[in-house]
Amino acid sequence: MTEIVLGVGASHSTLMNTHWDQTLHKDRAERFRDALHQARDALAEARPDTVVLVGSNHFRGFWLDLIPSFTIGVGECLASGESGTPKGPQPVDVPLARHLADTLVDSGRFDVAFSARLQIDHGQTHAIQYLLDGLGAEIVPLVVNVFAPPLPTLDRCEQLGRALREAVLAFPGDRRVAVVGSGGLSHRLPWPDWRAPDGEDEEFMVGAWLNGRNNWQDYDQRRREIIRAAEAALTPAFDEDFLALLERGEAHRLTAYTSEELEEAAGNGAQELRTWLIMASLLDHVPGRRLAYEPMPEWLTGMGVAVLDPADTARA
């Protein structure tokens, strides 16, 4: 019998790797890092064989020449290794990954893209580094388009999570499956709408996203400079409200937002909350437990960690 044993939502930031020494709010940073360790301990206690790893991609594995809404890695998975994150091949649970892709397509509900040689970046490898290290679990990587509009609607992400839940539970075998949603919370990246870049920096960004498939590293230094020059734009009140929804098992209420409304409320980086929504839906929206929330202007992001444990609901 295959079962879903745990869900984790966690923010990511490569600045945690590259600029720790320059972080002013060390107490906040340490509380966030400690919460990642707590979440990793919860994962270790849950003993997953496989982790469905839901994340975004920051134009290091996908480019504007082809942007699917949802992509499942069903073969090789290579980590790009930017900013001190893991690099190279990652272990994929190929039978489960292919079962999920087949089931979604055969059901007629989702024509998901698949990749037999998927490249992921810190949108997922940050979680591999801080949450999965040492677990010995394989992954099923799921990449969600959150940065190149038109984006999949939040309601569509909720539906995908439910369809994935059904597919996981129907997998023949004896898997223990955990789910990680990586991204968010509120933040605003100095990234343009690719359809209407304004100014030299935005033109450069769009050029990198369009032309970087074979040489994305050549663009990385200036990309980082543009990001480091940006002013933080956090919305702690939004983050607190979202985490409260998660704790009540009501993250599905996020679907009331359009993409435009979500960006206005919490910044373009908050579009990554699709990954948390899919994770929560896969866990059937059991009430969650917040481990940390820290607004980190130095990292440009509201940093949160939460755990959804079906065993907590069973005990209650």
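Residues numbered from 1 in each chain as written. Predicted model: local features only at pLDDT ≥ 70, side-chain atom pairs only at ≥ 80, totals over all residues. Heavy atoms only, no water.

### What about the pattern of salt bridges?
- For the structure shown, the criterion picks out 20 salt bridges.
- The residue Arg 195 makes a salt bridge to Asp 193 at a minimum N-O spacing of 2.7 Å.
- Its relative accessible area of 48% is what places Arg 195 among the partly exposed residues.
- Of the residues examined, Asp 193 reaches a relative accessible area of 31% and is grouped as partly exposed.
- Between Arg 253 and Glu 250 there is a salt bridge whose closest N-O contact spans 3.1 Å. (Salt bridge = Lys/Arg side-chain N within 4 Å of Asp/Glu carboxyl O. Buried < 20%, exposed > 50% of the residue type's maximum accessible area, 1.4 Å probe, protein only.)

### With respect to the environment of Gln 271
- Locating Gln 271 in the fold gives a position in the loop between α9 (259–266) and α10 (273–282).
- It is 25 Å that separates the C-alpha atoms of Gln 271 and His 25, two residues lying 246 residues apart in sequence.
- Sequence-distant contacts of Gln 271, that is, excluding residues within four places in its chain, are made with Val 146, Leu 151, Ser 259, Leu 262 and Glu 263. (Helix = DSSP H or I, 4+ residues; strand = E, 2+ residues; numbered from the N terminus. Contact = heavy atoms within 4.5 Å.)

### Focus on empty space enclosed by the protein
- Considering all chains together, one arrives at three cavities of 30 Å³ or more under this definition.
- As a volume, the largest cavity reaches approximately 200 Å³.
- Considering the residues around the largest cavity, the lining is formed by 17 residues, among which Ser 13, Thr 14, His 122, Leu 189 and Ile 227 are closest to the centre.
- Counting residues per element, the lining of the largest cavity draws most heavily on helix α7 (residues 217–228), which supplies three residues.
- In this structure, the second largest cavity occupies an estimated 90 Å³ of space. (1 Å grid on protein atoms, 1.4 Å probe; cavity = no way out; pocket = protein on both sides within 12 Å on 5 of 7 lines; lining within 4 Å. Points joined across faces, edges and corners; volume = space filled by probe spheres on them.)

### As for the packing of helix α3 (residues 94–106) against helix α5 (residues 154–169)
- Two numbers describe how α3 lies on α5: the axes approach to 9 Å, and their chain directions differ by 120 degrees. By the angle between their axes, α3 is oblique relative to α5. Note on packing geometry: the crossing formed by α3 with α5 is right-handed. Side by side, α3 and α5 meet where His 99, Leu 100, Thr 103 and Leu 104 of the first sit next to Leu 160, Ala 163, Leu 164, Ala 167 and Val 168 of the second.
- Considering only residue class, the contact of α3 with α5 consists of seven nonpolar, two polar and no charged. (Axes fitted to C-alpha atoms, helices over the stretch in contact; angles between N-to-C directions. Parallel < 35°, antiparallel > 145°, perpendicular 65-115°, else oblique. Left-handed = near helix turned anticlockwise from the far one by under 90°. Nonpolar A, V, L, I, M, F, W, Y, C, P; charged D, E, K, R; others polar.)

### Some points on the nonpolar core
- By size, the foremost hydrophobic cluster in this structure holds 105 residues, and its most contacted members are Ile 72, Leu 131, Phe 242 and Ile 278.
- Sequence-distant contacts of Leu 131, that is, excluding residues within four places in its chain, are made with Val 8, Ala 10, Leu 36, Ala 39, Arg 40, Leu 43 and Val 180. (Core = buried A, V, L, I, M, F, W, Y, C linked by side-chain atoms within 4.5 Å.)

### Details of the side chain of His 12
- Topologically, His 12 is positioned in the loop between β1 (3–10) and α1 (15–18).
- Within the local environment of His 12, its side chain forms a polar contact with the backbone nitrogen of Gly 183, the two atoms lying 3.5 Å apart.
- A polar side-chain atom of His 12 sits 3.0 Å from a polar atom in the side chain of Glu 272.
- When neighbours within four sequence positions are excluded, His 12 is seen to be in contact with Ser 56, His 58, His 122, Gly 123, His 126, Ser 182, Gly 183, Gly 184, Glu 272 and Met 303. (Polar contact = N/O pair within 3.5 Å; in protein donor to acceptor, adjacent residues only side chain to side chain.)

### Overview of the layout of surface pockets
- Computed from the structure, the largest pocket encloses a volume of approximately 360 Å³.
- Lining the largest pocket are 15 residues, and of these Pro 149, Asp 193, Arg 195, Glu 263 and Gln 271 lie nearest its centre.
- Top contributing element to the lining of the largest pocket by residue count: α9, with three residues.
- The volume enclosed by the second largest pocket comes to roughly 200 Å³.
- Lining the second largest pocket are 13 residues, and of these Leu 6, Glu 45, Ala 46, Asp 309 and Ala 311 sit closest to its centre.
- Contributing elements (two or more residues each) for the lining of the second largest pocket: β1, α2 (26–46) and α11 (310–315).
- Sort the elements by how many residues they give to the lining of the second largest pocket and β1 lands first, with four residues.
- Here the residues of the lining of the second largest pocket sort into seven nonpolar, no polar and six charged.

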